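Coordinates in review
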Protein chains: 2
Amino acid sequence: MTRYLLERPHQLVSLTFFSERYESAKSSISEDLTILKRTFKTRGTGLLETVPGAAGGARFIPYIKKDEASRFIDDVITSLSEEDRFLPGGYVYMSDLLGRPGVLHQVGRLIATQYVHDPVDAVMTVATKGIPIAQSIADYLNVPFVIARHDSQITEGSTVSVNYVSGSSSRIEKMALSKRSLKPGSRVLIVDDFMKGGGTVGGMQSLVKEFDSTVAGVAVFAEGAFEGERVVPNYTSLLRIHATDDHVDVTPGNYLSEIYTPERFSQLKD
Amino acid sequence: MTRYLLERPHQLVSLTFFSERYESAKSSISEDLTILKRTFKTRGTGLLETVPGAAGGARFIPYIKKDEASRFIDDVITSLSEEDRFLPGGYVYMSDLLGRPGVLHQVGRLIATQYVHDPVDAVMTVATKGIPIAQSIADYLNVPFVIARHDSQITEGSTVSVNYVSGSSSRIEKMALSKRSLKPGSRVLIVDDFMKGGGTVGGMQSLVKEFDSTVAGVAVFAEGAFEGERVVPNYTSLLRIHATDDHVDVTPGNYLSEIYTPERFSQLKD
């Protein structure tokens, strides 16, 4: 039962289903769910919402508690601050971290915690490096993810494309998304690995609009230092990277202070 | 305990750790593991290997049984055979499937089953569409995945690149992988969404060689019809897609017959 619920976050599983699957009375399933709910809460795994009544059942909503989230962000900062990650031009090498299942799981849990009570229908990113993050978040929200591309390929069918100004290089770029990939009226969470001026995220916002959908939020793994006003006003970042010519400074992003506000926190305590 | 093991496939977790975490005697932890082992086996979740002795513990090795694998492949074939997936030029639209967490989990479990007893140190793919599959397989094998790219970016640091002949277009192409991403002597599982002539997979094989590593295997989601000899002799495919100008034929790939041989099957029955 633990496995079944863990593998289907945000999905209501009926008591009847469990009762038939495990050939047990609904009352004993109910008791087991109560134990599970307590365990999930103690371990900080997530919320097990139980819905009473004939159409009732249980729904697992993963989240991460502030202390675990904070420890994870500190660990990532320690890793990224290693000397040999520094790249010419003030960049930081982080592809290895974003290819480790353990790191991706935690990133997914962190961002999904932000949407514990806000509906999200799809996660959107643009190729290439945002994909693993989008996939992991989509996993914890149990919704599909869609990938916009700079080069529209024949295997995508008809696409909708937008032009946008890439903030860091001030060039006009283009991104396209398959017409079939998003239903009108979707609430879309926009995700990327890195944001500087916010041009790319702005491009995705335009794409969402083209699909008659709305932006549920913007989340990035790391934000870079940026002088001036960003095209994107509201976003969540796990990290802030400030790189100069010979040194990189990695600090926590706005995630912890944005997410664990008293209002939200009381919800997470249910 | 179920959750802890499920989240860390292929990793040996010591009895001592569980005993401290749950403040229980090792003997009762042992009993619980025996129950869990039986449940995992009955449900076809995977193998719970228990290692006896002072340094002992338990290791969860996910796999999928033949009937569940076969049902999944049939379901995917049904989805892909829908009329409106047909694209000009004999292509099939399948990006939506490869953006659904449920489908990706199953693809990951299927391919990971093939490596239940063969060591894999890393999963490799090339941008863009193989990434979600590589990530899901890496998740079930609990190893990192690396992404080769056609355009080497500044954020990758120094790269190693190879040229290869793309089979379908007979063009010479290039792919590059960050120098830091793979340790020498790694056993690498090569993964892609689609293979026709095998040129791209061949490129990845050359890359693996450049990193003084060996190819543990090649797995693709779908293979296309190809006249002539492929550059890649051994591979596993979940699907075979044969598209003509006005019709698409999707059939099972060689997966089921390759994996569930009597020798392997007896191992899966432990």
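Higher on the page you've got the structure.
Residues numbered from 1 in each chain as written. Chains lettered and ligands numbered in written order. Predicted model: local features only at pLDDT ≥ 70, side-chain atom pairs only at ≥ 80, totals over all residues. Heavy atoms only, no water.

1. Re the overall build of chain A
Scanning chain A from N- to C-terminus turns up nine helices and 13 strands. For 270 residues, the compact-globule estimate of 2.2 N^0.38 gives 18 Å, and chain A sits close to it at 20 Å. Dimensions of chain A along its principal axes, counting C-alpha atoms only, are 65 × 45 × 30 Å. Relative to its 270 residues, chain A shows a buried fraction of 53%. Across chain A, contacts joining residues at least 24 apart in sequence account for 59% of those joining residues at least 6 apart. In the form shown here, chain A has an accessible surface area of approximately 12100 Å², with 48% of it arising from carbon and sulfur atoms. Across chain A, the 29 positively charged side chains and the 33 negatively charged ones have centroids separated by 6 Å. (Helix = DSSP H or I, 4+ residues; strand = E, 2+ residues; numbered from the N terminus. Rg over C-alpha atoms; globule rule 2.2 N^0.38 Å. Buried < 20%, exposed > 50% of the residue type's maximum accessible area, 1.4 Å probe, protein only. Contact = heavy atoms within 4.5 Å. Areas by Shrake-Rupley, 256 points an atom, 1.4 Å probe, with all protein chains shown as cover. Lys, Arg positive; Asp, Glu negative; His and termini not counted. Charge placed at Lys NZ, Arg CZ, Asp CG, Glu CD.)

2. As for empty space enclosed by the protein
According to the stated counting rule, one finds four cavities of 30 Å³ or more in the structure shown. In this model, the largest cavity occupies a volume close to 520 Å³. Looking at the largest cavity, it is lined by 21 residues, and the ones nearest its centre are Leu6, Glu7 and His105 of chain A together with Leu6 and Glu7 of chain B. Taken together, the elements giving at least two residues each to the lining of the largest cavity come down to α1 (2–6), β3 (57–62), α5 (101–114) and α6 (131–141) of chain A together with β3 (57–62), α5 (101–114) and α6 (131–141) of chain B. Roughly 120 Å³ of volume is contained in the second largest cavity. Around the second largest cavity, the lining comprises 13 residues; the ones closest to its centre are Gln135, Ser136 and Asp139 of chain A together with Gln135 and Asp139 of chain B. (1 Å grid on protein atoms, 1.4 Å probe; cavity = no way out; pocket = protein on both sides within 12 Å on 5 of 7 lines; lining within 4 Å. Points joined across faces, edges and corners; volume = space filled by probe spheres on them.)

3. Observations concerning the relation of the copies chain B and chain A
Relating one copy of the chain to the other requires a rotation about an axis plus a shift along that axis. Under the fitted operation, chain B is carried onto chain A by 0.0 Å of movement along the axis and a turn of 180°, and the coordinates agree to an RMSD of 0.0 Å. The transformation just described matches what one would write down for a two-fold rotation axis. Across chain B, the smallest distance between a C-alpha and the rotation axis is recorded for threonine 128 of chain B, namely 3.1 Å. A share of 100% of interface residues in chain B that are also interface residues in chain A marks the association as one of identical surfaces. (Least-squares fit on C-alpha atoms with pLDDT ≥ 70 in both.)

4. Quick notes on the pattern of salt bridges
All told, the structure shown has 22 salt bridges over all chains when counted by the stated rule. As a salt-bridge pair, glutamate 7 of chain B and arginine 8 of chain B come within 3.6 Å of each other at their nearest N and O atoms. On the accessibility criterion, glutamate 7 of chain B (29% relative accessible area) is partly exposed. Since its relative accessible area comes to 23%, arginine 8 of chain B is described here as partly exposed. It is possible to trace a salt-bridge network through shared partners that takes in Glu82, Arg85, Asp96 and Arg100 of chain A. (Salt bridge = Lys/Arg side-chain N within 4 Å of Asp/Glu carboxyl O.)

5. Examining the packing of α5 of chain B against α6 of chain B
All names here are of chain B. Close contact between α5 and α6 brings their axes to 8 Å; oriented N to C, the two are set at 60°. Judged by the angle between their axes, α5 and α6 are oblique. The interaxial crossing formed by α5 with α6 has right-handed handedness. Packed against α5, whose contacting residues are Leu104, His105, Val107, Gly108, Arg109, Ile111 and Ala112, the element α6 presents Pro132, Ile133, Ser136, Ile137, Tyr140 and Leu141 at the interface. Its residues assigned to classes, the contact of α5 with α6 shows nine nonpolar, three polar and one charged. (Axes fitted to C-alpha atoms, helices over the stretch in contact; angles between N-to-C directions. Parallel < 35°, antiparallel > 145°, perpendicular 65-115°, else oblique. Left-handed = near helix turned anticlockwise from the far one by under 90°. Nonpolar A, V, L, I, M, F, W, Y, C, P; charged D, E, K, R; others polar.)

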